[in-house]
Amino acid sequence: VPGGYAHTFELGRYRFCAQVHYIFGCRAGGSVHGLLDDLGLVDRVPFLELDPDGYDHVVVADQRYRIPSGWEAFRQRMIGLFPDEAGALHRYFDTIRDLEDELSRLPDSIGLADLLSAPFRFPRLIRMRRWTLARLFDELRLSPRARTVLAGQCGDYLLPPSQVSLLLHATLVTAYGAGAFYPRHHYSRLVETLVESIRAQPGCEVLLEHEVQHIQVSRGRVDSVHTANGRTLRADRYVSNMDPRATVGLADAGTMPRKLVRSLSYDYSYGGMSLYLGLRGIDLRELGFGAHNVWSYPHDDLDRIYADQGERNDLSDPWLFMSTATLHSDEPGLAPPGCHTLQVATHASYDAWSELRREDPRAYRREKKRIRNQLLDVIEARFVPRIRDHIDVFALGTPATNERFVHAPRGNSYGAALTPEHVDTSRRPQRALENLWLVNATAGWPSVAGTVGSGRRLADRLLEESA
């Protein structure tokens, strides 16, 4: 099916988007709006903005903090919550704003003049390009609770403050802060409309069930692509939105440029653990849910939480992300009347789950049941008392599930891990061979808006070359 992590699947009478919960870039000027506008589809895929007064709620232990839209609104809310840290908070918000401003002014291609003027035009980017978020927190001497609230959306990049790139954090929080959105007609409408638009173009097709098995390379060019169902496809140019390492792995050894192969030693991001729940006989609005998402943390040490879950596969006291799509739009199609969907996400060790699924499928299913009950215990204790009495349908996906259904290497959610080593100011679609281009979460940017933005930049470049 089309859509990748944005595809929609059915579970009984309920429908769930696999792993996309909210997106940015949907206003005029944003990448998603720009794509739909280019294709004449803006009116067919309208978006609803999540609650501007708190599109994300960060819950630490029993304290709840609302993240508002608007960078200055967020600044003032944090200063109101932590008045004794006003000076440090002003410096934090100024730093993030300035970094994002410099990132937005970077040229698509860097010439000699750009290099010579860079120290004057991009001083913060040059100085902080290898910083983590924790380093900025340390420089500012922020308190543990202020740090947790500011990093409360770190599940959007699946790394704790000590590991995530400061540049990536700046890009993400300012992008969502400009407006967080959900499609009025759900993600299936977005994906289906794009597929229909492609198929409506003369000579264009979307081929499903055509898994690419081999890329034939000859004399520095792709000669043909071979699929598992026996087809051979040829073109003047090829674009791969698969993982770059997976793409190179489909070609014969020695046929890809050595420089490209050497660049593929990156670590992957963590994989998501997703619990899908269809609930009946309960109104989640009465329990603190609504047109927002909830990030829950048991305590302030986010680095310890990530290490417990990702390195030790210990989900006994997890962080949780909870999203209620049936409260983000009143359009029907996700649940029976009077019922709700609740999607719960966190992260886990790929190695532990993959090995268990491969070596002992029955033990894998037992462990999924144990973790599901563990997560339900946490949800019952913190948010939805007696939730088990209201469960109509359920499913649990692990990092191994991600690899099985979406072919994401090691079940990753965002391509290469978004550490300073893997995030730089030149991250953009790359030319692997004379007629092969790579563009995906690693060769470009993760997220729906990031994917769309990278794709549009590549399209502009290819169209310019064809002119």
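Everything in this summary refers to the structure shown in the same document. (Residues numbered from 1 in each chain as written. Predicted model: local features only at pLDDT ≥ 70, side-chain atom pairs only at ≥ 80, totals over all residues. Heavy atoms only, no water.)

1. Describing the pattern of salt bridges
Evaluated as defined, the whole model comprises 26 salt bridges. Note that Arg 388 is salt-bridged to Glu 380, the shortest N-O span being 2.9 Å. Relative accessible area serves as the criterion here: at 33%, Arg 388 is assigned to the partly exposed category. Glu 380 gets classed as partly exposed once you look at its relative accessible area, which sits at 24%. The residue Asp 389 makes a salt bridge to Arg 386 at a minimum N-O spacing of 2.7 Å. Here Asp 389 falls in the partly exposed class, since its relative accessible area comes to 39%. Take Arg 386: its relative accessible area is 59%, and that puts it in the exposed class. (Salt bridge = Lys/Arg side-chain N within 4 Å of Asp/Glu carboxyl O. Buried < 20%, exposed > 50% of the residue type's maximum accessible area, 1.4 Å probe, protein only.)

2. Side note on the nonpolar core
In a soluble, globular protein the nonpolar side chains are often hidden away together inside. In this structure, Met 78, Tyr 92, Leu 150 and Tyr 157 are the most contacted members of the largest nonpolar core, which totals 80 residues. At eight residues, the largest contribution of residues to this core is made by helix 8 (residues 166–177). Apart from the residues within four sequence positions on either side, Tyr 92 is in contact with Trp 71, Leu 133, Leu 136, Phe 137, Leu 140, Leu 150 and His 169. (Core = buried A, V, L, I, M, F, W, Y, C linked by side-chain atoms within 4.5 Å. Helix = DSSP H or I, 4+ residues; strand = E, 2+ residues; numbered from the N terminus. Contact = heavy atoms within 4.5 Å.)

3. Structural notes on the side chain of His 292
Note on placement: His 292 falls in the loop between strand 11 (271–279) and strand 12 (293–297). A polar side-chain atom of His 292 sits 2.9 Å from the main-chain carbonyl oxygen of Gly 288. If near-sequence neighbours (up to four positions away) are discounted, His 292 is found in contact with Gly 54, Tyr 55, Asp 56, His 57, Arg 64, Thr 324 and His 328. (Polar contact = N/O pair within 3.5 Å; in protein donor to acceptor, adjacent residues only side chain to side chain.)

4. Looking at the packing of aromatic side chains
Within the structure shown, the criterion is met by 22 aromatic pairs. With centroids separated by 5.3 Å and ring planes inclined at 90°, the aromatic side chains of Phe 74 and Phe 93 adopt a geometry described as edge-to-face. Taken together, the residues span a long stretch of sequence, with Phe 74 in helix 2 (residues 71–81) and Phe 93 in helix 3 (residues 86–104) at a distance of 19 residues. A relative accessible area of 4% means that Phe 74 is categorised as buried. Judged by centre distance (5.8 Å) and plane angle (15°), the rings of Tyr 306 and Trp 319 are stacked. Of this pair, Tyr 306 sits in helix 12 (residues 302–310) while Trp 319 sits in the loop between helix 12 and strand 13 (320–323), and the two are 13 residues apart along the sequence. According to the relative accessible area criterion, Tyr 306 is buried, its value standing at 1%. Within the aromatic cluster, the residues linked to one another by ring pairs are Tyr 22, Phe 24, Tyr 176, Tyr 270, Trp 295, Tyr 297, Tyr 306, Trp 319 and Phe 321. (Phe/Tyr/Trp six-rings, centres within 6.5 Å; stacked < 30°, edge-to-face > 60°.)

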